[in-house]
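Spelled out, the chains give:
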Amino acid sequence: MRKKILAVVLTVTMGLSMAVGVSAAQGGDGVNWEELDNLGANITIGIENESTQRAYQLDEFLEFYTDTYCDKKKGIQGTRTMEVKAYTGSDPAGVGLVEYKDDEGVWKDISGYNTKISFKNEVDRYFHIQFVKNGIYTIRSYFIASDKSMAVSSSMRYVIVDKGTMTITRVAPEPKQYYVEETTTVANTTIAPESKQHYVEETTTVADTTIAQKNVKPLGKVKVKSVVKKKSSKKATIQLKAPLKNANGYVVCFYKTKKEAKKNSTPFVKKIYKKNKVKFTVSHKLLKKQKKLFVRIRGYQVVDKKMILSKKWSATKKVKVGK
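If you're wondering where the values come from, they're calculated on a predicted model, not measured in any experiment.

Visitor: Tell me about the sheet that holds strand β18 (residues 235-240), residues and numbers included.
Guide: Strand-to-strand pairing in sheets goes through backbone hydrogen bonds, with the strands running parallel or antiparallel. The mixed open sheet is built from four strands, whose spatial order is β21-β18-β17-β25. Both outer strands of the open sheet, β21 (279-283) and β25 (320-322), are each paired with one neighbouring strand and no more. Strand-to-strand, the axes of this sheet are offset by a mean angle of 25 degrees, without reference to chain direction. Examined bridge by bridge, β18 and β21 share five bridges and lie antiparallel to one another. Of the residues in β21, the one forming a bridge with Ile238 is Phe280.

Written out as structure tokens, the structure reads:
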């Protein structure tokens, strides 16, 4: 997969913080990010076509990877974090699903990555980020020692999503106010007017991955009755046997072969439908003219403004493609 990525890689040196008190180089999290060189570690981020504008449809996924290298002091205990945040003037709810590929090649929610670890080398850790609103966003990966005496951070990436395009840059853009459509809020979930938007805009962020477990309700396995589409259409209609209990919506993954679906490979198309209905439609330009497709679906719920994914996928279902 890495062969497909033309990466511009940045490196930030990790070092020992000699003073953890307040200083000009210290962030609000109490960590001194000043670059020091006595630890010999770095985190790099690679993104396809950096600093070039490309077409982007809201709800699509941006793929990138990180590479972590520690030359000397491996085994330091601390917290690893991948952070995606709204930049000045942008709506925090514009960040949708963020996930990473684990050691077994399975895509999982980012909360499973942002955990306490023993710092070590990591090669080509892949990520997906979905944006659901126009805006400016930042991407950064970092590690902080448990006693906050040591820290390493990748260079910041700025992602600008605006009017059907995306631009990724290493230079902080001029802040812009992105206005949000008038919405109705119900139980921490923002629902756009039906005439303009068929998806629920949940207020999802990934900066803080601590979730009150008592608020998380169990999600079962989605049971798919049928998936149909016309050959010339970019829309697919999905019918479930019943709505999934406790779910706020569904993650729908399309594959070109049944083998890819079983291996949980990177999907051909991934969409999020943000309502819990027994029958719904998803749309993507890449679905058009596809003669053979397979689908897997799982549910999600929004808890404390965060997206929690079901651990169980539906059985793989073949899409019935009509004329």
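Visitor: Describe in detail a positive patch on the surface, supporting the description with residues and values.
Guide: A cluster of basic residues, Lys231, Lys234, Lys235, Lys285, Lys288, Lys289 and Lys291, forms a positive patch on the protein surface. By the secondary structure assignment, Lys291 is in the loop between β21 and β22 (294-303).

Visitor: Could you give an account of the packing of aromatic side chains, with specific residues and numbers?
Guide: Any aromatic ring pair is given by two values, namely how distant the centres are and how the planes are angled relative to each other. This structure, assessed with the given rule, holds ten aromatic pairs. Their ring planes at 85 degrees and their centres at 5.1 Å tell us that Tyr113 and Phe127 sit as a pair that is edge-to-face. In this pair, Tyr113 sits in the loop between β7 (107-109) and β8 (116-118) while Phe127 sits in strand β9 (residues 122-131), placing the two residues 14 residues apart along the sequence. Side by side, Tyr113 and Phe127 carry an identical accessibility label, which is buried. Ring geometry for Phe119 against Phe143: centres 4.4 Å apart, planes inclined by 45 degrees, an arrangement best described as tilted. A residue pair is termed long-range when its members are at least 10 positions apart, and Phe119 in the loop between β8 and β9 and Phe143 in strand β10 (residues 135-145) qualify at 24 residues. Comparing Phe119 with Phe143 shows no difference in burial state: the two are buried. In textbook terms, an aromatic cluster arises when at least three aromatic residues are bridged by ring pairs, as seen for Phe64, Tyr100, Tyr113 and Phe127. In this structure, Arg80 is placed above the aromatic ring of Tyr113, and the distance from its NZ or CZ to the ring centre is 3.9 Å.

Rules and cut-offs
Residues numbered from 1 in each chain as written. Predicted model: local features only at pLDDT ≥ 70, side-chain atom pairs only at ≥ 80, totals over all residues. Heavy atoms only, no water. Pairing = 2+ DSSP bridges. Helix = DSSP H or I, 4+ residues; strand = E, 2+ residues; numbered from the N terminus. Axes fitted to C-alpha atoms, helices over the stretch in contact; angles between N-to-C directions. Patch = residues over 30% accessible without salt bridge, like charges linked within 9 Å, V, L, I, M, F, W, Y side chains within 5 Å. Areas by Shrake-Rupley, 256 points an atom, 1.4 Å probe, with all protein chains shown as cover. Salt bridge = Lys/Arg side-chain N within 4 Å of Asp/Glu carboxyl O. Lys, Arg positive; Asp, Glu negative; His and termini not counted. Charge placed at Lys NZ, Arg CZ, Asp CG, Glu CD. Phe/Tyr/Trp six-rings, centres within 6.5 Å; stacked < 30°, edge-to-face > 60°. Buried < 20%, exposed > 50% of the residue type's maximum accessible area, 1.4 Å probe, protein only. Lys NZ or Arg CZ within 6 Å of the ring centre and 35° of its normal.

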